[in-house]
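One letter stands for each residue in the lines below.
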Amino acid sequence: MACFLIPAAEAVVTTIVTKVIEKKEKAPQEVRVQFNGGLSETVTGIPFSEKLKWLGNMLWGGSALLAFEHVWHGEIVPWFPFLTAAGDPANTSEMLHEMATAGVSMAVLVTAVWFGLLGVSALIEKRAKKALPVEE
Amino acid sequence: MTLLTTVFAAIICTIIWYATAPKNEMKVSILCWIYWGASIMWFVDAIFEYAELQEEFFYPAPADMLNDFYLGLSVVALGLIIWLVILLIKDPKDVVKAALFKKKS
């Protein structure tokens with residue numbers, strides 16, 4: 001009915017937070033990392049704002065495609081109040097219930113997956129730095 | 001079917017991204033995020049639908065399946081359009097720029 005509005009709202013907040021962090025963030029540290037077992041190269045890690053963009057892209061993309069699905073099923077219309085369920089009080093309460101259950105679950109799962117990605121990327125970065133041979 | 005179609009689109013895009021990494025000149029990573037985000041959301045939707053329909057969830061009517069597949073393909077097309085617009089605006093290879101400005105001979 002309107003479950004995509006919750007991830008869309010989170011996407012707005014994520015984008016604002018990303019912009020704020022981008023302005024305050026310091027340049028990432030340079031580190032030497034070995035690729036494919038060959039010579040080590042000097043590289044910079046990905047800043048946190050870049051990782052926050054992953055979450056923003058997932059939320060914006062998912063919300064946009066889900067919004068299209070709602071248009072497909074006639075749940076979004078180009079005239080006020082735009083959501084067909086918002087026109088009828090009985091449907092409105094059902095819509096709000098769906099937003100509170102499915103919508104919140106969507107936002108939570110996308111965020112949980114993003115946290116998982118953060119953990120995996122941190123682990124890969126840690127391993128890459130450890131694998132570097134000791135310079136004499 | 002919509003979930004399956006989107007998941008397959010996400011998997012294909014991720015394979016293309018991995019094969020062309022670390023270049024990412026075509027910004028395929030954006031397409032990956034779009035499809036994975038949608039896949040996760042439709043997965044949640046499917047869980048709620050399963051909780052409501054139980055066994056019926058696995059035996060949809062052929063007409064509904066066809067409609068869902070049609071929707072899935074349309075969703076994939078919309079994702080591609082969004083990616084194409086972002087690609088042309090960001091123009092990482094300066095192709096649009098080169099097409100708009102001609103060098104003085």
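As a reminder, the structure under discussion sits directly above these lines.
Quick look at the structure, then. Everything quoted here is computed from the prediction, not taken from an experiment. (Residues numbered from 1 in each chain as written. Chains lettered and ligands numbered in written order. Predicted model: local features only at pLDDT ≥ 70, side-chain atom pairs only at ≥ 80, totals over all residues.)

A closer look at helix 3 (residues 62-90) of chain B
Then, in step 1: Its 29 residues place the ends of helix 3 of chain B 42 Å apart at the C-alpha level, agreeing with the 42 Å of an ideal helix rising 1.5 Å per residue.
Then, in step 2: Of all the positions in helix 3 of chain B, only Gly-72, Val-75, Val-76, Gly-79 and Trp-83 of chain B are classed as buried.
Then, in step 3: The secondary structure elements touched by the buried residues of helix 3 of chain B are helix 2 (48-72) of chain A together with helix 1 (2-20) and helix 2 (28-53) of chain B.
Then, in step 4: Residue Asp-91 of chain B follows helix 3 of chain B closely and has a positive phi angle near 45°. (Helix = DSSP H or I, 4+ residues; strand = E, 2+ residues; numbered from the N terminus. Expected span 1.5 Å × (residues − 1). Buried ≥ 20, exposed ≤ 12 C-beta atoms within 10 Å, placed from the backbone. Contact = placed C-beta atoms within 7 Å.)

Some words on unusual backbone geometry
Then, in step 1: Here the amide bond leading from Phe-80 of chain A into Pro-81 of chain A is cis, since omega sits at 0°, within 30 degrees of zero.
Then, in step 2: Residue placement: Pro-81 of chain A occurs in the loop between helix 2 and helix 3 (89-130).
Then, in step 3: A cis amide bond links Ala-21 of chain B with the next residue in sequence, Pro-22 of chain B, at an omega value of 0°.
Then, in step 4: Note that Pro-22 of chain B resides in the loop between helix 1 and helix 2.

Thoughts on the packing of helix 1 (residues 5-24) of chain A against helix 2 of chain A
Residues and elements named next belong to chain A.
Then, in step 1: One way to put it is that helix 1 packs onto helix 2 with a least axis distance of 9 Å and a crossing angle of 155°. The angle between helix 1 and helix 2 places the two elements in the roughly antiparallel class. Helix 2 is crossed by helix 1, and the crossing has left-handed handedness. The segment helix 1 lies against helix 2, with Pro-7, Ala-8, Glu-10, Ala-11, Thr-14, Thr-15, Val-17, Thr-18, Ile-21 and Glu-22 engaging Phe-48, Ser-49, Leu-52, Lys-53, Leu-55, Gly-56, Leu-59, Trp-60, Gly-62 and Ser-63.
Then, in step 2: Here the residues of the contact of helix 1 with helix 2 sort into 10 nonpolar, seven polar and three charged. (Axes fitted to C-alpha atoms, helices over the stretch in contact; angles between N-to-C directions. Parallel < 35°, antiparallel > 145°, perpendicular 65-115°, else oblique. Left-handed = near helix turned anticlockwise from the far one by under 90°. Nonpolar A, V, L, I, M, F, W, Y, C, P; charged D, E, K, R; others polar.)

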